[in-house]
Amino acid sequence: MATPQLLAAFEYADSLTVVAISLCTAVVCEAISWLLIYRTASYKTLRSSIDKAAKKLEYMKTEASPSKITVKKSKTKKIDRVETSLKESSRDLSLFKFKSGGVVALVLFVVFGLLNSLFEGKVVAKLPFRPFGIVMKMSHRGLQGNDATDCSMAFLYFLCSISIRTNLQKFLGFSPPRGATAGLFPMPDPKTN
């Protein structure tokens, strides 16, 4: 009687292997990021300046409520200066993180290549739905047959990597500061037009 249960456990072995490797890769990548970024004094300084600027900007914007018809020009200029400072700090933080991004990308490429060679043409999971268009092309990448619910390693690894690494960063406290949303290529400022 135990044999069918044991075989059922191995039915998900490929899926669990991909998820476990994705988890290990996320831990290794965050360890590399910690070594190269998060433990340095310059990162901590940038992060604290972003936090302070974000709090100051939030306070200044709530203080200058929209119910007041005339907003002083000096107040507007102060808000613009704080916004500019916040954008510059966010950009500097993104550039600082970009340096370790190459090492992390190299690790991810090596792991993806290894997984691709191990699971080439192999169905690792069954999707509980029939994907549409471009999602089907991604989920069925490299697989033979016409069953749209078959899931390739690449799709499962992609989904796991995104969700695990993001949640691991939040859990470890490495997620970007609240005000640091600009990144390397911020949205253009509508005030300058």
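Residues numbered from 1 in each chain as written. Predicted model: local features only at pLDDT ≥ 70, side-chain atom pairs only at ≥ 80, totals over all residues. Heavy atoms only, no water.

A. Representation of the UniProt feature "transmembrane region" (unreviewed entry) in the protein chain within the structure. In the UniProt entry, the feature "transmembrane region" (unreviewed entry) is given for residues 16–38 and 101–119. Between the C-alpha atoms that bound residues 16–38 there is a distance of 30 Å. The span itself is 100% helix and 0% strand. Its end C-alpha atoms 26 Å apart, residues 101–119 is made of 95% helix and 0% strand. (UniProt positions renumbered as here; feature names shortened; annotations may be inferred. Helix = DSSP H or I, 4+ residues; strand = E, 2+ residues; numbered from the N terminus.)

B. Representation of the pattern of salt bridges. On inspection of all chains with the given rule, the structure shows five salt bridges. With a closest N to O distance of 3.5 Å, Lys 122 and Asp 14 form a salt bridge. Of this pair, Lys 122 sits in the loop between helix H4 (73–118) and strand E1 (125–126) while Asp 14 sits in helix H2 (residues 13–38); the two residues are 108 residues apart in sequence, bridging distant segments of the chain. Judged by relative accessible area, which is 37%, Lys 122 ranks as partly exposed. (Salt bridge = Lys/Arg side-chain N within 4 Å of Asp/Glu carboxyl O. Buried < 20%, exposed > 50% of the residue type's maximum accessible area, 1.4 Å probe, protein only.)

C. Structural view of the packing of H4 against helix H6 (residues 153–172). The N-to-C vectors of H4 and H6 enclose an angle of 145 degrees; their axes lie 11 Å apart at closest approach. Note on packing geometry: the crossing formed by H4 with H6 is right-handed. Contacts between H4 and H6 involve Val 104, Leu 108, Val 111, Phe 112, Leu 115 and Asn 116 from the first element and Met 153, Ala 154, Tyr 157 and Arg 165 from the second. Grouping the constituent residues of the contact of H4 with H6 by class yields eight nonpolar, one polar and one charged. (Axes fitted to C-alpha atoms, helices over the stretch in contact; angles between N-to-C directions. Left-handed = near helix turned anticlockwise from the far one by under 90°. Contact = heavy atoms within 4.5 Å. Nonpolar A, V, L, I, M, F, W, Y, C, P; charged D, E, K, R; others polar.)

D. Representation of the side chain of Ser 89 in the model. Topologically, Ser 89 is positioned in helix H4. Not counting residues within four places of it along the chain, the set of residues in contact with Ser 89 comprises Leu 46, Ser 49 and Ile 50.

E. How the structure looks around the nonpolar core. Grouped together as the largest cluster of nonpolar side chains are 18 residues, with contacts concentrated most on Val 18, Val 124 and Met 153. Of all elements in the fold, only H2, H4 and H6 reach the threshold of two or more residues within this core. Ranked by residue count, the leading element in this core is H6, at eight residues. Among residues more than four places away in sequence, those in contact with Val 18 are Phe 119, Val 124, Met 153, Leu 156 and Tyr 157. (Core = buried A, V, L, I, M, F, W, Y, C linked by side-chain atoms within 4.5 Å.)

F. How the structure looks around a nonpolar patch on the surface. A cluster of nonpolar residues, Ile 134, Met 138, Phe 158, Leu 159 and Ile 162, forms a patch on the protein surface that exposes about 470 Å² of accessible area. If you list the elements that add at least two residues to the nonpolar patch, you get helix H5 (133–139) and H6. The biggest single contributor to the nonpolar patch is H6, with three residues. Structurally, the position occupied by Ile 162 is in helix H6. (Patch = residues over 30% accessible without salt bridge, like charges linked within 9 Å, V, L, I, M, F, W, Y side chains within 5 Å. Areas by Shrake-Rupley, 256 points an atom, 1.4 Å probe, with all protein chains shown as cover.)

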